[in-house]
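# Overview (structure and organization)
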Amino acid sequence: MPEFICMNKRILLYVLLFVGLSLAFERPKLDLSGMIMVHAYADWNTDESNVVHRYESMLDLDFDVRFNDRWSAWLEIEAMGMAMDGMEEMEGMDMGDDATMDPVHPTVVFNGAYVQYAPSEHLAFRIGDLNYFEGLFKNYYDFGDPRDDAAGIRQKSIRGVEFLWKGLQLNAGFGSGSNDQSCYYHYMFGEYMGMDCKEGLTYEIHAAYDFEIADQVFRPYADYKSYQRKDFNELYAGLDISLSSEHFALHGLYGFHSVFLASDDAVSNHVFLAEPSFEFSRFCIIGSLFYAVIDDPERTFLEMTTRPEYFFVAVEPSVALLESLSIGIPLEYHTNTLDKDEDLQSWRVGGRFYFNVPGYKINIISMILADIPDDKDWPSEGNKNDPSLIFGVEVMFDF
C-alpha cells in the first residue's frame, strides 16, 4: 500500500512538473478588452419647478490570457458609480448591485476569474468565478443589464465549475456575492413579519442546451438553488427561442420560477416574453411584450426586473436618416405592480436618437420621454401622480 501511494505521488509530481515546464516555455498571450459608459439623466415633474439630475459611470476591463492552445484564463475588474439627488424612482440604465455613490472616483471591484481547459473546439472545462443568465431582454432599451433585468433568470454568480460541449452548458458551485445571501421571509396569516438573512449556505446547479434547427435556436434551461434551510429552495425552468428570417425576427421565452418547493407555502410564477422585430431598408420596428402569472404578489420572488410588474408592452419604430444616425419613437404601457388589483398604470412616449461612428464601437444615445400616470392609485406624495419628462444622454465605447 505505501508503495502504491508513493507511486501516485511520483505520477502527480511528474504531471505537475510537465505542466509547469509547458507553461514556462509557452509565452502567454494577453488580450485586453473593455467598455466605458458615461450617462447623464434629468427628470422634471410637471408639478414642480426643479429639474433633478443624476449621472453614472462605468469601466469594465476583461483580461484574456492564452497560455497555449488548450489552457487559458479570464479576469474581469469593474469600476462603477452613480450619483443622484432624490432620483431613486427615475428611469435609466441601472449599474448593478456593486455601484458606489461616487461617479467621479468609483470603487474598483474584482468581478471574478476562471481558468479554462479546452481540449477541442467544441469542448471546454472552466473552474473559478462563473456567471450565467437566461432570457435577456433584447428589444427594450431600459432592460439591458442581465444583472438587473432578465425575463428568465437574472445573472447568477457562483464559484464552481462549468462544462461546455457544443450547445450544452452545465454549472455547479457555491453562490458568491449577492447570490450567496439566504434571506427567509416570515409570514403569519398572510402578513409579512420580517426576514432573517444568512450567508455561506447557498449552492446552485444550472443546465441549458442550445438546439439549432435551420439556424433557429431553441434553448431549454433549468436551475436549482438550495439554501440548506428547511423547506427553502428555488427552481427555475424554461425555454428561450430565437427565430429569424430575412426581414423578421422573434425572441420569445417561457419561464417558470418556484420557491419553497417542499413546503405547503410554495409560491410560483410563470412568465411569457415575446419580442418581435422587423427591418426593411432604412425602417425598423421592434417590440417587447411581457406578462407574468403570479401565485401571490406579496410573497412571490419575481426576480425578472428591478421594477417588477406583471405586464408591460413597448413598441419602437425607427428610421435611419444616415449611416450614423437613427431616430426612434418609443410607445410604452406599464402596469408598475405585481398585483392585478392595483391601478398603477402609466404610459410613456417620446423620442430616442442613436448616433454611432461607422467603423468604430462608439455610440451616443440621447432621449426625451414623457412618463404619464394613468390611474387613481398613484400616490400624491412626491407628485408621483403627475406627468414627468425624462431627459438623458448615454455615451458608450468598446475597445
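Residues numbered from 1 in each chain as written. Predicted model: local features only at pLDDT ≥ 70, side-chain atom pairs only at ≥ 80, totals over all residues. Heavy atoms only, no water.

## Considering the pairing of strand 5 (residues 123-134)
- Bridge count between strand 4 (residues 107-120) and strand 5: five bridges; the pairing is antiparallel. Among the inter-strand pairings, Y114 is bridged to a residue of strand 5, identified as G128.
- In textbook terms, the turn of a hairpin is the stretch between consecutive antiparallel strands, and for strand 4 and strand 5 this stretch comprises two residues.
- Taken together, the eleven bridges between strand 5 and strand 6 (residues 153-165) define a ladder with antiparallel strand orientation. Each bridged residue has a counterpart across the sheet, and for L123 the counterpart in strand 6 is W165. (Pairing = 2+ DSSP bridges. Helix = DSSP H or I, 4+ residues; strand = E, 2+ residues; numbered from the N terminus.)

## Some words on the confidence of the model for the protein chain
- On average, residues of the protein chain carry a pLDDT of 83, and 79% of them reach 70 or more.
- In the model, residues 86-100 has pLDDT below 50 throughout and makes 53 contacts with residues more than four positions away in sequence or in other chains. (pLDDT = per-residue confidence, 0-100. Contact = heavy atoms within 4.5 Å.)

## Structural notes on the pairing of strand 21 (residues 362-373)
- Two elements, strand 20 (residues 346-356) and strand 21, share eleven bridges in a ladder whose sense is antiparallel. Paired with G351 across the bridge in strand 21 is I368.
- The antiparallel pairing of strand 20 with strand 21 creates a hairpin that spans five residues between the two strands, and G359 there sits at a positive phi of about 90°.
- Two elements, strand 21 and strand 22 (residues 388-398), share ten bridges in a ladder whose sense is antiparallel. Its bridge partner being in strand 22, L369 is matched across the sheet by I390.

## Some details on unusual backbone geometry
- For A214, which is not a glycine, the phi torsion comes out positive at approximately 55°.
- With respect to the helices, strands and loops of the structure, A214 is situated in the loop between strand 11 (211-213) and strand 12 (216-229).
- A relative accessible area of 67% means that A214 is categorised as exposed.
- We note that D215 has phi near 70°; this positive angle belongs to a residue other than glycine.
- Take D215: its relative accessible area is 65%, and that puts it in the exposed class. (Buried < 20%, exposed > 50% of the residue type's maximum accessible area, 1.4 Å probe, protein only.)

## Some points on the nonpolar core
- Core analysis: the largest hydrophobic core is formed by 23 residues, its most contacted members being F137, F290 and F312.
- Those elements that provide at least two residues to this core are strand 15 (267-280), strand 16 (283-294), strand 17 (311-322) and strand 21.
- No other element matches strand 16, which puts three residues into this core. (Core = buried A, V, L, I, M, F, W, Y, C linked by side-chain atoms within 4.5 Å.)

## As for a nonpolar patch on the surface
- On the surface, a cluster of nonpolar side chains totalling about 780 Å² of accessible area is made up of L32, L59, F355, Y360, I362, I364, V393, F397 and F399.
- Those elements that place two or more of their residues in the nonpolar patch are strand 21 and strand 22.
- Its location among the elements puts V393 in strand 22. (Patch = residues over 30% accessible without salt bridge, like charges linked within 9 Å, V, L, I, M, F, W, Y side chains within 5 Å. Areas by Shrake-Rupley, 256 points an atom, 1.4 Å probe, with all protein chains shown as cover. Salt bridge = Lys/Arg side-chain N within 4 Å of Asp/Glu carboxyl O.)

## What about the packing of aromatic side chains?
- Counted under the stated rule, the structure contains 17 aromatic pairs.
- With a centroid separation of 6.1 Å and an interplanar angle of 40°, the aromatic rings of F137 and F312 are classed as tilted. Linking F137 in the loop between strand 5 and strand 6 with F312 in strand 17, this pair joins segments that are 175 residues apart in sequence. With respect to class, F137 is no different from F312; both count as buried.
- Measuring from ring centre to ring centre gives 6.1 Å for Y291 and F311, while their planes differ by 65°; the resulting arrangement is edge-to-face. Here the residue Y291 occupies a position in strand 16, and F311 occupies one in strand 17, the gap between them amounting to 20 residues.
- Exposure remark for Y291: the relative accessible area of 28% places this residue in the partly exposed category.
- Aromatic rings pair up to connect F137, Y140, Y141, F143, F290 and F312 into one cluster.
- The ring of Y141 carries R352 above its face, with NZ or CZ at 4.1 Å from the centroid. (Phe/Tyr/Trp six-rings, centres within 6.5 Å; stacked < 30°, edge-to-face > 60°. Lys NZ or Arg CZ within 6 Å of the ring centre and 35° of its normal.)

## What about the environment of M37?
- Relative to the helices and strands, M37 is located in strand 1 (residues 29-45).
- Taking the relative accessible area as the measure of exposure, M37 reaches 6% and is therefore buried.
- In this structure, the C-alpha to C-alpha distance between M37 and E56, residues 19 residues apart in sequence, is 7.9 Å.

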